[in-house]
Amino acid sequence: MRKTLKVRLLVPKGWSRNAKRTWPIVWALHGGNDRYTAWTKKTDIAALAARRQVLVVMPEGGFAGGYTNWWNYGRGGSPAWETFHLTELRSLLEKRYRAGRKRAVLGQSSGGYGALIYAARHPGMFRFAASYSGYGSTLTNGAPDVLMTGLSGLGPFTDKYAMWGHPIFQRNIWAAHDPVSKAAGLRGTKLFLSVARRGVKGPLDPPTGQAADPAEAFCWYTTQPLLKRLKQLKIPVTTHLYAKGTHSWAYWKYELHRSWPLIMKSLGA
């Protein structure tokens, strides 16, 4: 990354660098408008983790970082979030913090996308992947425009094509980072996908009964083709597609609690 970045790590009771054992590890990825502190500030993940023998790592993912190595017109280089997380940081956690090979990954919003694409691009690395209001496709009609518009949040001089290039002329790069195109790589990983459905009648799920907002509607729109592709591939997935909701931490905390027992079961923790 060519700079110093912060990572928050929760360790279980009895943990020691000098222990002969290792611990399962949960990766918690934040959304595009948050930082590495988001999960502990906005949920009770620390209390959940304290009851289990697991490590929880919450790495910095950048503001609109994309959970990807940026293309930069073929030059590569920084930012290279995927390499930072899954090569450099993973190695550090295993060598210095007793992280084991039993891994799960979860995330909200763009972190939910990160959980899906990391698991899909690295088959077998994660036993479980959970996406809360993440976007499930980068190539669904209209999705590239929305995603590139989001990069404008990095500043007026940000080149929206620097991440993956043009969605037509560099379609192979876009496809390499599209959960639908890479869905076969999710086989063998237990999956949990949750998102609010827009305009669907039915009983409201907790914690609130607000109407789905545009960001949540986009995530539902891009989740549908992923669910369709997983069904075609006969890859099982646990879903919670609630009737109404907003793109907010009130829902993501609830989904964390809903999926946490499944994650712990997959890790044997």
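1. Considering the pattern of salt bridges
Next up, step 1: Throughout the structure, instances matching the rule amount to 5 salt bridges.
Next up, step 2: Between Glu82 and Arg121 there is a salt bridge; the shortest N-O distance is 2.9 Å. One end of the pair, Glu82, is in helix α3 (residues 81-96); the other, Arg121, is in helix α4 (residues 110-121), and 39 residues separate them in sequence.
Next up, step 3: Note that Arg103 is salt-bridged to Glu94, the shortest N-O span being 3.0 Å.

2. Quick look at helix α5 (residues 143-150)
Next up, step 1: Looking only at α5, the buried set comprises Ala143, Pro144, Leu147 and Met148. Along the axis of α5, the buried positions cluster into a sector of 125°, meaning they face one direction only. Structural note: α5 exposes Asp145 and Thr149 on the side pointing more than 90 degrees away from its buried face.
Next up, step 2: Buried-residue contacts for α5 involve α6 (171-176) and α7 (214-232).

3. Some details on the packing of aromatic side chains
Next up, step 1: One pass over the full model with this rule turns up 13 aromatic pairs.
Next up, step 2: Here Tyr113 and Tyr135 contribute two aromatic rings whose centre-to-centre distance is 4.7 Å and whose plane-to-plane angle is 15°, an arrangement assigned as stacked. In this pair, Tyr113 sits in helix α4 while Tyr135 sits in the loop between β5 (128-132) and α5, placing the two residues 22 residues apart along the sequence. Each member of the pair, Tyr113 as well as Tyr135, is classed as buried.
Next up, step 3: Among the aromatic residues, those joined into a ring-pair cluster are Trp39, Tyr132, Phe192, Trp249 and Trp252.

4. Looking at the pairing of strand β6 (residues 190-196)
Working note: regular strand, side chains alternate between the two faces of the sheet.
Next up, step 1: For β6, a buried count of 6 out of 7 residues is recorded, marking the element as mostly surrounded by other parts of the structure.
Next up, step 2: Across 5 bridges, β5 lies against β6 in parallel orientation. Directly across from Ala130, in β6, lies its bridge partner Phe192.
Next up, step 3: Pairing of β6 with strand β7 (residues 238-242), which is carried by 5 bridges, proceeds in the parallel orientation.

5. Considerations on the pairing of strand β3 (residues 55-59)
Next up, step 1: Taking burial as the measure, the 5 residues of β3 include 5 buried ones, the bulk of the element.
Next up, step 2: Burial of β3 is two-sided: the residues Leu55, Val57 and Pro59 facing one way and the residues Val56 and Met58 facing the other way are all buried.
Next up, step 3: Of the strand pairs in this sheet, strand β1 (residues 7-10) and β3 are connected by 4 bridges, and their pairing is antiparallel. Paired with Leu9 across the strands is Val57, a residue of β3.

6. What to know about the nonpolar core
Next up, step 1: In this structure, Trp27, Leu93, Tyr118 and Phe126 are the most contacted members of the largest nonpolar core, which totals 54 residues.
Next up, step 2: Examining the composition of this core, we find that 7 residues originate from one element, α4, more than from any other.
Next up, step 3: Ignoring anything within four residues of it in the chain, the contact list for Leu93 reads Leu9, Ile25, Trp27, Val57, Arg98 and Ala99.

Rules used throughout
- Residues numbered from 1 in each chain as written.
- Predicted model: local features only at pLDDT ≥ 70, side-chain atom pairs only at ≥ 80, totals over all residues.
- Heavy atoms only, no water.
- Salt bridge = Lys/Arg side-chain N within 4 Å of Asp/Glu carboxyl O.
- Helix = DSSP H or I, 4+ residues; strand = E, 2+ residues; numbered from the N terminus.
- Buried < 20%, exposed > 50% of the residue type's maximum accessible area, 1.4 Å probe, protein only.
- Arc of directions from axis to C-beta.
- Contact = heavy atoms within 4.5 Å.
- Phe/Tyr/Trp six-rings, centres within 6.5 Å; stacked < 30°, edge-to-face > 60°.
- Pairing = 2+ DSSP bridges.
- Core = buried A, V, L, I, M, F, W, Y, C linked by side-chain atoms within 4.5 Å.

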